[in-house]
Amino acid sequence: MRVTKRTNIAIRVLMHCAANSGRLVTKAEIAKRCNASENHLAQVINQLAQLGYLHTQRGRNGGLELGRPADQIRIGDVFRALEAPVPLAECFADVDNTCPLTNACRLKIALTDAASAFYATLDPISLDTLVCDNAPLMDILAPAGQCTGALRQQNLAAQ
C-alpha cells in the first residue's frame, strides 16, 4: 500500500499545528518547516478544514490551527478520509474498472483484508501520540514550543 502525497502532507500539517498549539500558524511557515510547496499545502489545508480537522482564519493576522484537540484526532480516520477516494487497485474503481477477472479474483478480498489491517493499526494512534513527548520532532516543528498534550500532562502532574 502506498500513501498518497496529499495524505503525507496532511499529516505533516496536522503535526505542525499540534506542535504549535495555542497560536495560529501560516501556510508559509508550514511550507518551510515541512518541506512542502505552498500550492500543495493550500489544497490540503482546504480539505482538512472542510473535514473539521483544521480551523482557518483569513486576513492579515490569519492562519490555521487544529479544529479539535490533538488527542481527539485519530490518524486512521485522517487516512480513511483522504485515501478513501483513491482506489487501492483497479478492481476497486467503480467507473474505471476494466479488469475481466474482477468477479472471479480473490485478490480483491486479500487487498480489502490488508487495507483493514492497515487502518486497524492506525486507529488507536492519535495526533497527540505522534507529537507530544517527541523532542526531536518538536525541535523541527516548534523549537520554542510545547504541544498541548505535554502541557496537559505537566498540569496534571503538578496537581
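For clarity, every value in this text was computed on a predicted model and none was experimentally measured.

Draft legend 1. The arrangement of helix α3 (residues 38-50) in detail. For α3, with 13 residues, the first-to-last C-alpha span of 18 Å sits near the 18 Å given by 1.5 Å per residue. Of the residues making up α3, those classed as buried are Leu41, Val44, Ile45 and Leu48. Buried residues of α3 fall within an arc of 105° about the axis and therefore sit on the same side. With respect to the buried face of α3, the exposed residues turned more than 90 degrees away are Asn39 and Gln50. Buried residues along α3 sit in contact with α1 (5-19), α2 (27-34), β1 (54-57), β2 (63-66) and α4 (75-83). Within two residues after α3, Gly52 carries a phi angle of roughly 85°, on the positive side.

Draft legend 2. Seen up close, the packing of aromatic side chains. Scanning all chains against the criterion turns up two aromatic pairs. Between Phe79 and Phe118, the ring centres sit 5.8 Å apart and the planes meet at 65°, which makes this aromatic pair edge-to-face. Of this pair, Phe79 sits in helix α4 while Phe118 is found in helix α5 (residues 107-122), placing the two residues 39 residues apart along the sequence. A residue is classified by how much of its surface remains accessible, and Phe79, at 9% relative accessible area, is buried. Arranged with centres 5.3 Å apart and planes meeting at 70°, the rings of Phe118 and Tyr119 form a pair that is edge-to-face. Through a chain of ring-to-ring contacts, the aromatic side chains of Phe79, Phe118 and Tyr119 assemble into a single cluster.

Draft legend 3. Looking closely at the pairing of β1. Summarising the sheet, β1 and β2 pair through four bridges and their orientation is antiparallel. When the sheet's bridge partners are listed, Gln57 is paired in β2 with Gly63. In this structure, the hairpin formed by β1 and β2 is closed by a connection of five residues, where Gly59 is found at a positive phi of approximately 105°.

Draft legend 4. Structural context of the pattern of salt bridges. Scanning all chains against the criterion turns up three salt bridges. Of the charged contacts in the structure, one is a salt bridge between Glu29 and Arg23, with a shortest N-O distance of 2.4 Å. Here Asp123 ties to Arg80 by a salt bridge, and the two come within 2.7 Å at their closest N and O atoms. Placement of the pair is Asp123 in the loop between α5 and α6 (127-131) and Arg80 in helix α4, with a sequence separation of 43 residues. Take Asp123: its relative accessible area is 28%, and that puts it in the partly exposed class.

Cut-off values and rules
- Residues numbered from 1 in each chain as written.
- Predicted model: local features only at pLDDT ≥ 70, side-chain atom pairs only at ≥ 80, totals over all residues.
- Heavy atoms only, no water.
- Helix = DSSP H or I, 4+ residues; strand = E, 2+ residues; numbered from the N terminus.
- Expected span 1.5 Å × (residues − 1).
- Buried < 20%, exposed > 50% of the residue type's maximum accessible area, 1.4 Å probe, protein only.
- Arc of directions from axis to C-beta.
- Contact = heavy atoms within 4.5 Å.
- Phe/Tyr/Trp six-rings, centres within 6.5 Å; stacked < 30°, edge-to-face > 60°.
- Pairing = 2+ DSSP bridges.
- Salt bridge = Lys/Arg side-chain N within 4 Å of Asp/Glu carboxyl O.

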